[in-house]
Amino acid sequence: MRRLAMCLCAVLLAAACGGDDASEPVVTDAAAATTTPSGAAPDRTQVSGTALPQFEQLEDDPAVGRQAPLVVGADLLTGAEVRIESQGRPMVVAFYAHWCPHCQNEVEDLTGWLEANELPSGVDFYAVSVLEDATRGNHPPEKWLRDEGWQYPVVADTPAMSVVDAFGLVSVPYLVAVDADNEVVLRFAGNVGPAELAAFFTALLEPTS
């Protein structure tokens, strides 16, 4: 676990240390956010398990090794049920807010890149739409993601921000990597380019022994 976390840290530090403002996450005050769900899907989202501590640092994150919470909800784009949990293989969960410019850049870059490339298979990829606010840009989030060509399951947080609290989110974009045993191996706040994300997926698939 520790070796894998260090490997993933190295991938993301390489992606985030360029001094580009686009890599800086948008710090959010979740308690003060105005959450106005755009449809019935958030009411179907359920969260169970023990909440992770709030994310503060990439290295020596106390969440590493803990079981990831389970999220069950409706896919904003298809209506199908989505279970965000390890299915005996690693997974990556990305958290985006529709009004966040860094989230907008990340989604645009990733969907554009995927027109000519593919993420490595063997790792499941989910998104969570968080901090929804009808008074801010790109609302509703499902229209924004559909217009961008997003092709992965995406679940909306609850009006009470249960998913935000469960995963310890304090800023967006936000990423959580989980191994095949449903244990957290890394959390990261900030932009990750598509090529770096692909390398991150590959690192999750490498043997840890």
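Since the model is a prediction, treat every value here as computed from it, not as a measurement.

**What about the packing of helix α2 (residues 101–114) against helix α5 (residues 194–205)?**
Next, step 1: With their axes 9 Å apart at the nearest point, α2 and α5 run at an angle of 75° to one another. The angle between α2 and α5 places the two elements in the roughly perpendicular class. Taken together, the residues of α5 that come into contact with α2 (itself represented by D109, L110 and W113) are P194, A195, L197 and A198.
Next, step 2: Residue classes in the contact of α2 with α5 are distributed as six nonpolar, no polar and one charged.

**Considering unusual backbone geometry**
Next, step 1: At the junction of H139 and P140, the peptide bond is cis and its omega measures out at 0° in the coordinates.
Next, step 2: Within the secondary structure, P140 is located in the loop between β6 (124–129) and α3 (141–148).
Next, step 3: A cis geometry characterises the amide bond from V172 onward to P173, with omega recorded as -5°.
Next, step 4: Structurally, the position occupied by P173 is in the loop between β8 (171–172) and β9 (174–178).
Next, step 5: A positive phi angle, near 60°, is found at N138, a position not held by glycine.
Next, step 6: Within the secondary structure, N138 sits in the loop between β6 and α3.

**What about the pairing of strand β3 (residues 70–74)?**
Next, step 1: Burial analysis of β3 places five of its five residues in the buried class, the great majority of the element.
Next, step 2: Along β3, one buried face is formed by L70, V72 and A74 and the opposite face, lined by V71 and G73, is buried too.
Next, step 3: Bridge count for strand β2 (residues 46–48) against β3 is three bridges, and the pairing is antiparallel. Each bridged residue has a counterpart across the sheet, and for V47 the counterpart in β3 is V71.

**Concerning α3**
Next, step 1: Turning to α3, its buried residues number three or more, namely P141, E142, W144 and L145. Down the axis of α3, the smallest arc covering the buried residues is 160°, so these residues share one side.
Next, step 2: Those residues of α3 that are buried lie in contact with β5 (91–96), α2, β6 and β7 (154–156).

**Description of the sheet that holds β3**
Next, step 1: If you trace the three strands from one edge of the open sheet to the other, you get β2-β3-β4, paired in antiparallel fashion. At either end of the open sheet lies a strand with only one pairing partner, and these are β2 and β4 (81–84). Strand-to-strand twist of the sheet, defined as the mean angle between neighbouring strand axes without regard to direction, takes the value 10°.

**Digging into the pairing of β5**
Next, step 1: Here β5 lies mainly inside the structure; six of its six residues are buried.
Next, step 2: Side chains M91, V93 and F95 of β5 all project onto a buried face; the interleaved residues V92, A94 and Y96 project onto the opposite face, where all are buried too.
Next, step 3: Pairing analysis gives six bridges linking β5 to β6, with the strands arranged parallel. Pairing of M91 across the sheet is with D124, part of β6.

**Observations concerning the confidence of the model for the chain**
Next, step 1: Averaged over every residue, the pLDDT of the chain is 86; residues scoring 70 or more account for 79%.
Next, step 2: When the elements of the chain are averaged for pLDDT, helix α1 (residues 2–16) gives the smallest value, 50, and helix α4 (residues 162–167) the largest, 98.
Next, step 3: Between residues 13–22, whose pLDDT stays under 50, and residues either more than four places distant or in other chains, the model counts eight contacts.

What counts, and where the lines are drawn
- Residues numbered from 1 in each chain as written.
- Predicted model: local features only at pLDDT ≥ 70, side-chain atom pairs only at ≥ 80, totals over all residues.
- Heavy atoms only, no water.
- Axes fitted to C-alpha atoms, helices over the stretch in contact; angles between N-to-C directions.
- Helix = DSSP H or I, 4+ residues; strand = E, 2+ residues; numbered from the N terminus.
- Parallel < 35°, antiparallel > 145°, perpendicular 65-115°, else oblique.
- Contact = heavy atoms within 4.5 Å.
- Nonpolar A, V, L, I, M, F, W, Y, C, P; charged D, E, K, R; others polar.
- Buried < 20%, exposed > 50% of the residue type's maximum accessible area, 1.4 Å probe, protein only.
- Pairing = 2+ DSSP bridges.
- Arc of directions from axis to C-beta.
- pLDDT = per-residue confidence, 0-100.

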